[in-house]
Amino acid sequence: MDIPFQNHECEYGGGEAERIKEQRLQEYAAKKAKKPALIAKSSILLDVKPWDDETDMAKLEECVRSVKVDGLLWGASKLVPVGYGIKKLQINCVVEDDKVGTDLLEEEITKFEDYVQSVDVAAFNKI
């Protein structure tokens, strides 16, 4: 029993069909290459805790904002009461996921050991 081929030019010298297919693949690749790649970003809210109530919070914030990394953008901040007169710095930042991680941020901020006791990630949201 013979099965008729619908697209028999591909079987018998379908050079034209191959050429068209190749051309369309090239056009698709060129179109895809022009599109800008999406950059994965995240919004991170950090809690930066000082040693005690005598810590200069303005200086602490200045130190935190002095951390400069490609793909990091500092945002709004505020002081939040913890207790016993101690306030923590709550600061927001936007990071490019491929370039900056929470470990890197925590490591860089805790280097200011005269001001910073600890750093915690309060919130982490993909953008």
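Residues numbered from 1 in each chain as written. Predicted model: local features only at pLDDT ≥ 70, side-chain atom pairs only at ≥ 80, totals over all residues. Heavy atoms only, no water.

Asks: Explain the pattern of salt bridges here, please?
Replies: A pair can form between side chains of opposite charge whenever their charged atoms are brought close. For the coordinates displayed, the defined rule picks out nine salt bridges. Residues participating in the shared-partner salt-bridge network are D70, E96 and K99. (Salt bridge = Lys/Arg side-chain N within 4 Å of Asp/Glu carboxyl O.)

Asks: Would you take a moment to explain helix α3 (residues 57–65) for this structure?
Replies: Each full turn of the α-helix corresponds to 3.6 residues, which orients residues three or four apart in the same direction. Taken as a whole, α3 has its buried residues at M57, L60, C63 and V64. All buried residues of α3 project into a common sector of 115° when viewed along the axis, lining one side. In this structure, the buried residues of α3 make contact with β1 (41–50), β2 (72–83), β3 (86–96), α4 (102–110) and β4 (116–126). N-cap assignment for α3: the residue whose side-chain oxygen lies 3.2 Å from the backbone N of A58 is D56. (Buried < 20%, exposed > 50% of the residue type's maximum accessible area, 1.4 Å probe, protein only. Helix = DSSP H or I, 4+ residues; strand = E, 2+ residues; numbered from the N terminus. Arc of directions from axis to C-beta. Contact = heavy atoms within 4.5 Å. Polar contact = N/O pair within 3.5 Å; in protein donor to acceptor, adjacent residues only side chain to side chain.)

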